[in-house]
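# Architecture at a glance
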Amino acid sequence: MSSSFNPLEQSGVPVAEQFRSWRELNVDPVDIVGGDPYTRCRIVVMNGIEVESIMFSHQFARHTDNPEVRRALALSRRAEQMQQKADNWLLPGSDGPIETTIVYEQVAVDLTAWLARMEPDPYLKQTYDFGLLEDFDHLYRYANLLDLVKGQKAEAITGTVTEIMPGRPNPEEFRHPDDDLRRHYDKHTVDPRSRLHVMTLVAAEQQTMNYYMNAGNIPTDPMARGLYLEIAMIEEQHVTQYESLLDPLETWFEQWLYHEYLEVWLYHSFMEQETDPKVKAIWELHLNMEIEQLKVAADMLRRYEGKDAELLLPASLPPAMTFEPNKSYVRQVLAEQVGYRADGLDIEDRDGKPSKATRGYQAIVNGDGNYSQDVIDVHTERFGRDYRLQTDGEHPVDHREMAAAGRDGGAR
Ligand SMILES: [Fe+2]
Ligand SMILES: [Fe+2]
Ligand SMILES: [Fe+2]
Ligand SMILES: [Fe+2]
């Protein structure tokens, strides 16, 4: 299938025929190490996308009194729940959340970097670049934790497609809420790709936030629990940031349409790239389901708001979201923007200097130490250095400079 794919002109599996048995939904998981690391990344993205669709549908149902709309939402939602189970159950189990966490942060790095590279709007792109350096740092912190608690190298999970080294140091990511809100796009003028990009990041960051909220207390080691607690709070900031980019004046019916379209775009993208045939078959099946879910949303939009989905959606699917290495892009953003900070709605080159509000916030939360720093210090104490995976040479930010500014992440 080429880029001239218009889902409104395709036919798939009717929504009323989308239920599946427990044994079909309880899929064989992929391995957590080896294989194609981007297969695991695609699984994590689609799980987050389905979770967002489900929670959106629940919220819509709580805000409408129309029995027909509530029935249509409940029907599609049951199918979305089954899709979410099949997607998420593709990940294997483990004795704790840390291996899955490495995949989540690899997703955050290579998803955010790709979206930033492709983003047509400069303000949105700046916002993604800003978030990118923070999740890049999370990958580094958790990789050091994985080595400490399990003696396992993160690269067994991530492969060598993503580098692992300090980003914007986590202790400096804590911001006052005023510094996490951004300006929203305008629904009448926004490029359809930009809307898809923002919605993808909202869903991915929200899933990461939810995962750490719930899984962060599973470890028994106090340092591990502390690291999850801190990074969970950054993911709250990331959700606050990315959701503030959405135009709040999009109606419930429009949002329903866009949610289904987002699922179509991503399943279509991933089906084309998937290297694991078993997983590819699931992407293809789910794409065929989303096509009909999209048509239901389009039908409801026409009947209740008199709007034509054809006029709200692009004539063909935008270019596929692609998981691929973004190493040179990440290095470039790191070299140029590690000192950028937020001041209210804007992100600026402030040479590492936080706003007044954020200074006050950091004085409280970092007031008696910081687990993100501890994990690097303990690793350095035990093994003589921090864990990194630098496939493309030295860290792009001068070490002495970072150490002088207290931004070295603990590495010497
Ligand atoms: Fe779905
Ligand atoms: Fe993160
Ligand atoms: Fe994040
Ligand atoms: Fe859907």
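To be clear, the structure that these remarks concern was listed above.
Residues numbered from 1 in each chain as written. Chains lettered and ligands numbered in written order. Predicted model: local features only at pLDDT ≥ 70, side-chain atom pairs only at ≥ 80, totals over all residues. Heavy atoms only, no water.

## What to know about the packing of aromatic side chains
- Applying the stated criterion across every chain, the model contains 16 aromatic pairs.
- For the pair F60 and W256, a centre-to-centre distance of 5.9 Å together with 85° between the ring planes defines the contact as edge-to-face. With F60 in helix α2 (residues 37-61) and W256 in helix α9 (residues 252-273), the pair connects residues that are 196 residues apart, well separated along the chain. Residue F60 shares its accessibility class with W256, and that shared class is buried.
- With centroids separated by 6.1 Å and ring planes inclined at 55°, the aromatic side chains of Y211 and Y212 adopt a geometry described as tilted. Each member of the pair Y211 and Y212 is classed as buried.
- An aromatic cluster of at least three residues, connected via ring pairs, comprises F56, F60, W252, F253, W256 and Y304.
- Directly above the ring of F383 sits K153, whose terminal nitrogen or CZ lies 6.0 Å from the centroid. (Phe/Tyr/Trp six-rings, centres within 6.5 Å; stacked < 30°, edge-to-face > 60°. Helix = DSSP H or I, 4+ residues; strand = E, 2+ residues; numbered from the N terminus. Buried < 20%, exposed > 50% of the residue type's maximum accessible area, 1.4 Å probe, protein only. Lys NZ or Arg CZ within 6 Å of the ring centre and 35° of its normal.)

## Quick notes on the pairing of strand β1 (residues 340-343)
- For β1 and strand β2 (residues 346-349), the ladder comprises four bridges, and the chain directions are antiparallel. Counted as the bridge partner of Y340 is D349 from β2.
- As consecutive antiparallel partners, β1 and β2 are separated by two residues, and within that stretch G344 has a phi angle of approximately 65°, a positive value. (Pairing = 2+ DSSP bridges.)

## Focus: the layout of surface pockets
- Here the largest pocket is characterised by a volume of approximately 430 Å³.
- Of all the secondary-structure elements, those providing two or more residues to the lining of the largest pocket are α2, α7 (192-215) and α9.
- Residue composition of the lining of the largest pocket, grouped by class: ten nonpolar, four polar and four charged. (1 Å grid on protein atoms, 1.4 Å probe; cavity = no way out; pocket = protein on both sides within 12 Å on 5 of 7 lines; lining within 4 Å. Points joined across faces, edges and corners; volume = space filled by probe spheres on them. Nonpolar A, V, L, I, M, F, W, Y, C, P; charged D, E, K, R; others polar.)

## Remarks on the packing of helix α5 (residues 122-150) against helix α8 (residues 222-243)
- Where α5 contacts α8, the axes come no closer than 11 Å and their chain directions differ by 165°. In terms of orientation, α5 lies roughly antiparallel with respect to α8. Of the two possible hands of crossing, α5 and α8 adopt the one that is left-handed. Counting all contacts with α5, which are made through T127, Y128, F130, G131, L132, E134, D135, H138, R141, Y142, L145 and L148, the residues of α8 involved are M223, A224, L227, Y228, I231, I234, E235, H238, Q241 and Y242.
- Residue composition of the contact of α5 with α8, by class: 13 nonpolar, five polar and four charged. (Axes fitted to C-alpha atoms, helices over the stretch in contact; angles between N-to-C directions. Parallel < 35°, antiparallel > 145°, perpendicular 65-115°, else oblique. Left-handed = near helix turned anticlockwise from the far one by under 90°. Contact = heavy atoms within 4.5 Å.)

## Structural notes on the coordination of the iron ion (ligand 3)
- The iron ion (ligand 3) binds to the protein through D135 (OD), D135 (OD), E205 (OE), E235 (OE) and H238 (ND1), with metal-donor distances spanning 2.0 to 2.6 Å.
- Considered as a linear motif, the donors of the iron ion (ligand 3) on their single chain read D-x69-E-x29-E-x2-H.
- In this structure, the iron ion (ligand 3) lies 3.4 Å away from the iron ion (ligand 2), the two metals sharing D135 as a donor. Taken together, the residues span about one helical turn, with E235 and H238 both in helix α8 at a distance of three residues.
- Classification of E235 as buried rests on a relative accessible area of 0%. (Donors = N, O, S within 2.8 Å, 3.2 Å for Na, K, Ca; no water.)

## What to know about the coordination of the iron ion (ligand 2)
- Every protein donor of the iron ion (ligand 2) is listed here as E105 (OE), E105 (OE), D135 (OD), H138 (ND1) and E235 (OE), and their distances to the metal cover 2.0 to 2.4 Å.
- Sequence spacing among the residues donating to the iron ion (ligand 2) works out to E-x29-D-x2-H-x96-E.

## Quick word on helix α14 (residues 371-383)
- If you check α14, its first and last C-alpha atoms are 18 Å apart, about what 13 residues at 1.5 Å a residue would give, namely 18 Å.
- Listing the buried residues of α14 in full gives S372, V375, I376, H379 and T380. Down the axis, α14 shows its buried residues gathered within 130° of arc, on one side only. In α14, the exposed positions angled more than 90 degrees off the buried face are occupied by E381 and R382.
- Downstream of α14 by a residue or two, G384 has a phi angle that is positive, lying close to 85°. (Expected span 1.5 Å × (residues − 1). Arc of directions from axis to C-beta.)

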